[in-house]
Amino acid sequence: SQQGEEDPQALSIQEGENATMNCSYKTSINNLQWYRQNSGRGLVHLILIRSNEREKHSGRLRVTLDTSKKSSSLLITASRAADTASYFCATGGKDSNYQLIWGAGTKLIIKP
Amino acid sequence: EPEVTQTPSHQVTQMGQEVILRCVPISNHLYFYWYRQILGQKVEFLVSFYNNEISEKSEIFDDQFSVERPDGSNFTLKIRSTKLEDSAMYFCASASLQNYSPLHFGNGTRLTVT
């Protein structure tokens, strides 16, 4: 698989349930970021976790990072219909200070 | 809240023509980027720009592409001799710091090459 692969590719859950999305990567990283994209819109930054951090919270979002497994997860608790969007992880590498490498995204649908 | 703005939102051009995509980054940001997203595919890094020069560019960013910061506010991407496969969403982004700094994206320009 390529750098920054999310799974599942698509996730459909009921409003109020928790949604978990995973991301795996291949190379050493400096940081990992999660972004959200509503259909036809730009990417909105959600949360950044540094390579020396294991967990981070922001509101209903919880991100974990396991550098030994080269993986991260994004948990959205108590989902809302407005959370319907595509979610992408992006890694900032140790060899590159500028470019982010992106996964293919998880399309999340929250059913009311 | 300050935002990155991109114009136009949609550009249709004929194969072989040149297009200029425009971006106004957030005013106190120092790092500027162009990314593209072909429909249904991953977001791809094109180029980063700092201190009036290209910091890094991907293999995609060949001689067909160029960037410029013509004044203190605009950041442009020029695509010469467009090809059908250049059709994509082009996103501009800016950041205040190099590392550990989230990117702020514009809403993108949808480029359609016919």
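The structure contained in this document is the topic of the report that follows. Since we're looking at a predicted model, the values are computed, not measured.

## Description of the overall build of chain B
Scanning chain B from terminus to terminus reveals zero helices and 11 strands. The linear arrangement of helices and strands in chain B, starting from the amino end, is β-β-β-β-β-β-β-β-β-β-β. Radius of gyration (C-alpha) of chain B: 13 Å, near the 13 Å computed for a compact globule of 114 residues. Each principal axis of the C-alpha distribution contributes one length, and for chain B these read about 35 × 30 × 30 Å. Relative to all contacts within chain B whose residues are 6 or more apart in sequence, the contacts with residues 24 or more apart total 53%. Summed over its atoms, the accessible surface of chain B is roughly 5700 Å², and 45% of this surface lies on carbon and sulfur atoms.

## Comments concerning the state of the cysteines
Residues and elements named next belong to chain B. Enumeration over the complete set of coordinates arrives at two disulfides over all chains. Two residues share a disulfide in this structure: Cys23 and Cys92, whose sulfurs sit 1.9 Å from each other. When the S-S torsion is -65 degrees, as for the bridge of Cys23 with Cys92, the disulfide is left-handed. Linking Cys23 in strand β3 (residues 19-24) with Cys92 in strand β9 (residues 88-95), this pair joins segments that are 69 residues apart in sequence. With relative accessibility at 1%, the residue Cys23 sits in the buried group. Classification of Cys92 as buried rests on a relative accessible area of 0%.

## Topic: the pattern of salt bridges
All names here are of chain A. Summed over the entire model, instances satisfying the criterion amount to four salt bridges over all chains. With its nearest N and O atoms 3.9 Å apart, the salt bridge here joins Glu53 to Lys56. Overall, Glu53 belongs to the partly exposed group, its relative accessible area being 23%. Residue Arg62 is joined to Glu55 by a salt bridge in which the shortest nitrogen-to-oxygen separation is 3.1 Å.

## Section: the nonpolar core
By size, the foremost hydrophobic cluster in this structure holds 22 residues, and its most contacted members are B:Trp34, B:Val67, B:Phe75, B:Leu77 and B:Tyr90. Elements with a contribution of two residues or more to this core: β3, β4 (31-37), β5 (43-50), β7 (65-68), β8 (75-79), β9 and β11 (109-113) of chain B. Excluding residues that lie within four positions of it along the chain, B:Phe75 makes contacts with B:Leu21, B:Arg22, B:Cys23, B:Pro25, B:Phe32, B:Tyr33, B:Trp34, B:Phe49, B:Val67, B:Glu68, B:Arg69 and B:Cys92. Counting residues in each nonpolar core, the second largest holds 21 residues, with A:Ala19, A:Tyr25, A:Val63 and A:Leu74 among its members.

Rules used throughout
Residues numbered from 1 in each chain as written. Chains lettered and ligands numbered in written order. Predicted model: local features only at pLDDT ≥ 70, side-chain atom pairs only at ≥ 80, totals over all residues. Heavy atoms only, no water. Helix = DSSP H or I, 4+ residues; strand = E, 2+ residues; numbered from the N terminus. Rg over C-alpha atoms; globule rule 2.2 N^0.38 Å. Contact = heavy atoms within 4.5 Å. Areas by Shrake-Rupley, 256 points an atom, 1.4 Å probe, with all protein chains shown as cover. Disulfide = S-S within 2.5 Å. Buried < 20%, exposed > 50% of the residue type's maximum accessible area, 1.4 Å probe, protein only. Salt bridge = Lys/Arg side-chain N within 4 Å of Asp/Glu carboxyl O. Core = buried A, V, L, I, M, F, W, Y, C linked by side-chain atoms within 4.5 Å.

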